[in-house]
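Examining the three-dimensional arrangement
These are the residues of each chain, in order.
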Amino acid sequence: MAERPAEPPPDALVEQLLGPVLRRYRVDGETARRLVVEALARERDLVRRLDAGGTRQFRTLSAAVRRHVYHQLRRYQREPADGDDGGDAERLRASAAGPERERLLRSLASRHVSTRERLRELDAFHRQLFALIGRPASVLDVGCGLYPLLFPFDGAGSGVAAYAAVDKHPGWVEALAAYAQARGDGRLLPVRLDLAGGWEPLPRPAGLARFDVALLLKLVPVLQRQQRATLEVIRRTPARMLVLTGSVTSMTRRERVDRRERAVLRRLVGEAGWSVVGELATDEEFGLAVLTGEA
């Protein structure tokens, strides 16, 4: 006998839980409602016990819903990218330079939470970035996510001959490889690499010991929270200049985090003995340009 499909949660309960989620987290109404319904589907036993448990059971359910929303919002990659069947890579490989490809690149890049935040201020971000780094010939993008889809290879970054895009996420590296193939100029070099293993496995263009610039965009504060031991690898980043950035506001909660994240960056810079030579700031992101002292 077929199992009966679960009944949808009562609208009144969804509305009751939706308000606190919208006040607490940076999320639009449609997404918040979907996540609340998802959470209630996962917590059917708690929902069934509401009538008997009263206030205590509701608090328990509300906390479970908030945890689900928080963990979903913390994910860098969201649906439909998680369920992609390879179509995105095929579309990238088949794309030709022009407005249609630009729309595709922005659409795909928006699936990465950190990159999506930068989309709103991309021009301002790039103006400040290139004011700091000048015209480098080689760039190492560490924990790149999908940002290389937005890098201005044909604009301010036209002088970049080698752009090594490093990430441990296979889906992102695959998307970047498809874009590199579509470009066909050999400049974008996607590399799947887990920083926990150090820099030895990093392939480098012939004769290149150190990159002119390494981008570590919103990476260091994440490593400080999740993989603190990897900061020792960051101190050995093979580049003459680093651009380290952090977030002004939390990616999930409606709160400012720039003071805390700036302290993380400053601590790393001090411990590594690097020299700060410039800063950048947009509404959503701030950063330091530092010289590593390496020739």
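Residues numbered from 1 in each chain as written. Predicted model: local features only at pLDDT ≥ 70, side-chain atom pairs only at ≥ 80, totals over all residues. Heavy atoms only, no water.

Side note on unusual backbone geometry
- Phi angles above zero are rare outside glycine, and Lys218 is one such case at about 60 degrees.
- In this fold, Lys218 is placed in the loop between strand 4 (211-216) and helix 10 (220-226). (Helix = DSSP H or I, 4+ residues; strand = E, 2+ residues; numbered from the N terminus.)

A closer look at the sheet that holds strand 4
- As summarised here, the arrangement of the 7 strands in space is 3-2-1-4-5-7-6, forming an open sheet in which the pairing is mixed. Looking at strand neighbours, the two that pair on one side only are strand 3 (188-192) and strand 6 (275-281), the edges of this open sheet. Geometrically, the sheet is characterised by an average inter-axis angle of 20 degrees between neighbouring strands, direction not taken into account.
- With 5 bridges connecting them, strand 1 (residues 138-142) and strand 2 (residues 162-167) associate as parallel partners. Looking at the pairing, Ser138 lines up with Ala162 of strand 2.
- Its contacts with the sheet place helix 9 (residues 170-183) against strand 2 and strand 3, and it is angled at close to 160 degrees to strand 3.
- Each of strand 5 (239-247), strand 6 and strand 7 (285-291) touches helix 12 (residues 258-272); the most contacted strand, strand 7, lies at about 10 degrees to it. (Pairing = 2+ DSSP bridges. Axes fitted to C-alpha atoms, helices over the stretch in contact; angles between N-to-C directions. Contact = heavy atoms within 4.5 Å.)

Looking at helix 6 (residues 99-109)
- Of the residues making up helix 6, those classed as buried are Arg101, Leu104, Leu105, Leu108 and Ala109. Angularly, the buried residues of helix 6 cover 125 degrees about the axis, an arc narrow enough to put them on a single face. Those residues of helix 6 that are exposed and angled more than 90 degrees off the buried face are Pro99, Glu100 and Arg103.
- Where helix 6 is buried, its residues touch helix 5 (87-94), helix 7 (113-119) and helix 9. (Buried < 20%, exposed > 50% of the residue type's maximum accessible area, 1.4 Å probe, protein only. Arc of directions from axis to C-beta.)

Topic: the environment of Leu149
- Secondary-structure assignment places Leu149 in the loop between strand 1 and strand 2.
- Overall, the relative accessible area of 3% leaves Leu149 in the buried class.
- When the C-alpha atoms of Leu149 and Ala289 are compared, they prove to be 22 Å apart, with 140 residues separating the residues in sequence.
- Residues within four places of Leu149 in sequence aside, it is in contact with Leu105, Leu108, Ala109, Leu176 and Tyr179.

As for the confidence of the model for the chain
- Looking at the chain as a whole, its pLDDT mean stands at 88, while 91% of the residues score no less than 70.
- Low confidence marks residues 76-83, where pLDDT is under 50. Its contacts with residues over four positions away, or in another chain, come to 20 contacts. (pLDDT = per-residue confidence, 0-100.)

Things to note about the pairing of strand 2
- Of all the 6 residues making up strand 2, 6 are buried; the element is thus mostly covered by neighbouring parts of the structure.
- Where burial is concerned, the two faces of strand 2 agree: the one with Ala162, Ala164 and Val166 and the one with Tyr163, Ala165 and Asp167 are both buried.
- Here strand 2 runs beside strand 3; their pairing, made up of 5 bridges, is parallel. What sits directly across from Ala165, in strand 3, is Pro190.

A look at the environment of Arg256
- Tracing the sequence through the fold places Arg256 in the loop between strand 5 and helix 12.
- For the pair Arg256 and Glu284, spaced 28 residues apart in the sequence, the C-alpha separation amounts to 9.8 Å.
- Filtering out sequence-adjacent residues up to four positions away, Arg256 remains in contact with Val248 and Thr249.
- Within polar-contact distance, the side chain of Arg256 engages the side chain of Asp258 at 2.8 Å. (Polar contact = N/O pair within 3.5 Å; in protein donor to acceptor, adjacent residues only side chain to side chain.)

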